Amino acid sequence: MSLNSIISYFRKSGLVIQLVLLVFCIYAPCVDAFQTQEGKGNNVLRVTRINIEVINVIDSTEFLFKYRFARLANYLHIKTKESIIMRELLFFPDSVLTVRRLKESANNLRRLGIFQWVTISVDTLENSYGIAQVKVKDLFSSEINTSVRIEGGNLKLGVGFNESNLAGRGYKVRVSAVKQDTRDFIKLVFTNPRFLGSRFINDLRYVRFSDAESYSIGFNKIYYSQETKWDAGINLFDFSGNDLIYESSSGFKKFNRSLKQYQTYFGYYFGENMRFRTGLQYFHKDNFWTDPVPANGKVEWRSRRLSVNFGGIKRNISTGRNIDRSEFEEDIHTGLLFKTGFGLDFPSLGSDYRRESFSTHLFFGRRFSSDEYAFLEAGHGRTQQKGKTIERVTNGRLTFFSTRLRNQTLAGSVSFSRINFRQPFTQLFLGENTGLRGYLNREFIGDRRILINLENRVFSNYRLMSARFGGVLFFDSGRIWNSGEGFDSGKWRTSMGIGLRLGIPKFSQGIIRIDVAYNFDQSKFSTFSFSNGSYFRVLFPMQIGIQNFDFTISN
């Protein structure tokens, strides 16, 4: 995609002014409140100096340090620059430090995903002045991946290179080639968490499928601190080629699809927790599919959307270990988040349809004790045309985690999803890769789904070099059905089994899992699953987030 064509897209979509405003916001002397706001109350002090210490991947206190490969790993790894750590802090020398700023500064550092652990402490002097001690330990950020993933009876082979801390500056680079049952693809990703030193995140993605191509460009200043007073962003997405409609776990149809979308937004916070946001979106869809076929064989949608969002957030942050990943510090967000929005689509000249979109999102996290947490997340959105609902989606999830038992985490999740779209390629699945182990990936298809997952995650003290072994006992059950059939029409599908967990705290992948499930429908141990990561996580993005595009690309 040439630079001239990208500029042409922006001109056609009427976003030149928005882009200029965004660049102005990046370079304008906009100062976040935490840089000038004086602390309130008695629980504050003024920082006189900040000491930063960056510890290498394997330090001299670890038994691995005596091995040559450990010293080689330290030699190959570039330690994180102190300036990168400094820019994530919400306090500066000769500034006021509050408890909130201290906690959210540590959260900013952890969310970069390049540290094994983060600690920030303060040595106080006369109860009014203090020296901040910031200490972090790096992950080994360079990884050559030769992955073999088996899920739901499907084999996925991949080779690639990941760098999550390029030159010690926090840049993320990913180059990968994947071969799988549906189609092959090559993916290139570059992410700069602080574009040109600003608070903007720059994300560039390019994917070349065997029969399609897509790219996306984004510049977004996301909500990350309760003391940030504004945010803004702009996104561009383009897809062309074949997409897939699944008929069974292994059968699918291809349809030709073209989709271009642009999005820009600006948000401002008032008070401590509230925010008002507005944005402009532009869509250009040109869809073809084989069954059913529209009267003219083609669907085009060119419109501009003006959307308004209003929301609030009250957040607390704590950290836990051995919840999802062995020995990793994981952020636990509790509190209340709500967001509601309205969008109005203005069609192109000559068209008589106008669409209104409504959405709402709620997140509630509760910490019952230092060992037990529960999270509720629910969202609903719908689109109307001429007073009739033509698109609707509802999602809800309740999760629970307890680390009360030594070296164990009891985890549970109940989720519900419902969709109602005109597009035939919008589908829900129930199978291995959606949380029902022991079944094929897309064994069951519908537009209503409920899923229950229970796990007892055990983190043993047995180690092999730096890897820590663990295991899991799990129970999965779910049902899926279509609209108009009723809840009772969907048969419950159930499995249970055991798994092996391998925690590798020196690498960003974190954990490798191997699961074997007993399929109650077939009365036998069926699929073998080899992959990484947990099926459901404790970490939630506590943000009144960017209005994501409503596109689905099968890969």
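Residues numbered from 1 in each chain as written. Predicted model: local features only at pLDDT ≥ 70, side-chain atom pairs only at ≥ 80, totals over all residues. Heavy atoms only, no water.

**Considering the overall build of the chain**
What the chain contains, in helices and strands, is 6 helices and 26 strands. Expressed as a percentage of the 555 residues in the chain, the buried residues total 51%. Pairs at least 24 apart in sequence give 58% of the contacts found in the chain among residues at least 6 apart. As presented, the chain carries roughly 26200 Å² of accessible surface, and 57% of it is formed by carbon and sulfur atoms. (Helix = DSSP H or I, 4+ residues; strand = E, 2+ residues; numbered from the N terminus. Buried < 20%, exposed > 50% of the residue type's maximum accessible area, 1.4 Å probe, protein only. Contact = heavy atoms within 4.5 Å. Areas by Shrake-Rupley, 256 points an atom, 1.4 Å probe, with all protein chains shown as cover.)

**Some remarks on helix α4 (residues 68–76)**
Helical periodicity: at 3.6 residues per turn, an α-helix aligns residues three or four positions apart in one direction. Buried within α4 we find A70, A73 and N74. In a view along the axis of α4, the buried residues occupy a sector of 95 degrees, so they form one face of it. Exposed residues pointing more than 90 degrees away from the buried face of α4 are listed as R68, Y75 and L76. (Arc of directions from axis to C-beta.)

**Side note on the packing of aromatic side chains**
Applying the stated criterion across every chain yields a total of 13 aromatic pairs. When the centroid spacing of 5.9 Å and the interplanar angle of 50 degrees are considered together, the rings of Y171 and F190 count as tilted. Of this pair, Y171 sits in strand β7 (residues 171–179) while F190 sits in strand β8 (residues 185–192); the two residues are 19 residues apart in sequence, bridging distant segments of the chain. Judged by centre distance (6.2 Å) and plane angle (55 degrees), the ring pair of F310 and F338 falls under tilted. Of this pair, F310 sits in strand β14 (residues 299–320) while F338 is found in strand β15 (residues 330–347), placing the two residues 28 residues apart along the sequence. (Phe/Tyr/Trp six-rings, centres within 6.5 Å; stacked < 30°, edge-to-face > 60°.)

**Description of the environment of I131**
When you line up the elements, I131 lands in strand β4 (residues 129–138). Taking C-alpha positions, I131 is 8.9 Å from P93, a pair spaced 38 residues apart along the chain. Those residues in contact with I131, other than ones at most four positions away along the chain, are T48, R49, N51, S121, V122 and D123.

**Thoughts on a nonpolar patch on the surface**
A grouping of F63, Y67, F69, Y462, L464 and M465 is seen on the molecular surface, where their side chains present a nonpolar patch of about 620 Å² in accessible area. In this fold, F69 is placed in helix α4. (Patch = residues over 30% accessible without salt bridge, like charges linked within 9 Å, V, L, I, M, F, W, Y side chains within 5 Å. Salt bridge = Lys/Arg side-chain N within 4 Å of Asp/Glu carboxyl O.)

**Considering unusual backbone geometry**
Negative phi values dominate among residues other than glycine, just as trans dominates among peptide bonds. The phi dihedral of K386 is positive, around 55 degrees, even though this residue is not glycine. The residue K386 is located in the loop between β17 (372–385) and β18 (388–402) in this model. What makes K386 exposed here is its relative accessible area of 62%. The backbone of S523 sits at a positive phi, close to 55 degrees, despite the residue not being glycine. With respect to the helices, strands and loops of the structure, S523 is situated in the loop between β25 (510–519) and β26 (524–532). Given a relative accessible area of 51%, S523 falls into the exposed group.

**As for helix α6 (residues 99–111)**
Counted at 1.5 Å a residue, the expected span for α6 with its 13 residues is 18 Å, and the 18 Å between its end C-alpha atoms agrees. Looking only at α6, the buried set comprises R101, E104, S105, A106, N107, N108, L109 and R110. Taking the backbone nitrogen of R101 as reference, a side-chain oxygen 3.2 Å away marks T98 as the first, capping residue of α6. Phi turns positive, to about 75 degrees, at G113, one or two residues after α6. (Expected span 1.5 Å × (residues − 1). Polar contact = N/O pair within 3.5 Å; in protein donor to acceptor, adjacent residues only side chain to side chain.)

**A look at the environment of R449**
Mapped onto the secondary structure, R449 falls in strand β22 (residues 448–464). C-alpha separation for the pair R449 and F416, spaced 33 residues apart in sequence, amounts to 5.7 Å. In this view, R449 contacts S415, F416, S417, L428, F429, L430, T434, R479, I480 and W481; residues no more than four positions away in its chain are not counted. A distance of 2.6 Å separates a polar atom in the side chain of R449 from the backbone oxygen of F429.

**Description of the nonpolar core**
Counting 19 residues, the largest nonpolar core has I50, I85, F91, L109, F115, I120 and V134 as the members making the most contacts within it. Listing elements by their share of this core, those giving two or more residues are β1 (44–55), α6, β3 (115–125) and β4. A per-element tally of this core places β1 first, with 5 residues. With residues up to four places along the chain from it excluded, the contact list for I120 reads L89, F91, L102, S105, A106, L109, Q133 and V134. Among the nonpolar cores identified, the runner-up in size contains 12 residues, and I313, F375, A411 and V538 belong to it. (Core = buried A, V, L, I, M, F, W, Y, C linked by side-chain atoms within 4.5 Å.)

**What about the pattern of salt bridges?**
Enumeration according to the criterion identifies 21 salt bridges in this entry. As a salt-bridge pair, E53 and K135 come within 3.8 Å of each other at their nearest N and O atoms. Here the residue E53 occupies a position in strand β1, and K135 occupies one in strand β4, the gap between them amounting to 82 residues. On the basis of relative accessible area, E53 is assigned to the partly exposed category, the value being 40%. Of the residues examined, K135 reaches a relative accessible area of 33% and is grouped as partly exposed. With a shortest N-O distance of 2.7 Å, K254 and D211 are connected by a salt bridge.

**Quick notes on the confidence of the model for the chain**
Mean pLDDT over the chain stands at 78; residues scoring 70 or higher make up 78%. In this model residues 24–42 is a low-confidence stretch, pLDDT under 50, and it forms 33 contacts with partners more than four residues away in sequence or in other chains. Predicted confidence is poor over residues 289–293, with pLDDT under 50, and the contacts of this stretch with residues over four places away or in other chains come to 13 contacts. (pLDDT = per-residue confidence, 0-100.)

**Quick word on the pairing of β18**
Bridge count between β17 and β18: 14 bridges; the pairing is antiparallel. Residue pairing for β18: T383 is matched across the bridge by E391. Relative to strand β19 (residues 408–420), β18 is paired through 11 bridges, and the arrangement is antiparallel. Residue L398 lies in a different strand from β19, and its bridge partner there is V414. Between β18 and β19, which pair antiparallel one after the other, the connecting turn spans 5 residues, and N407 there sits at a positive phi close to 60 degrees. (Pairing = 2+ DSSP bridges.)

**Some thoughts on the pairing of strand β23 (residues 467–481)**
With 12 of its 15 residues buried, β23 lies for the most part within the structure. Here 14 bridges tie β22 to β23, and the two strands are oriented antiparallel to one another. Within the sheet, the bridge partner assigned to V458 lies in β23 and is G471. From the end of β22 to the start of β23, which pair antiparallel, there are 2 residues, and M465 there has a positive phi angle of about 60 degrees.

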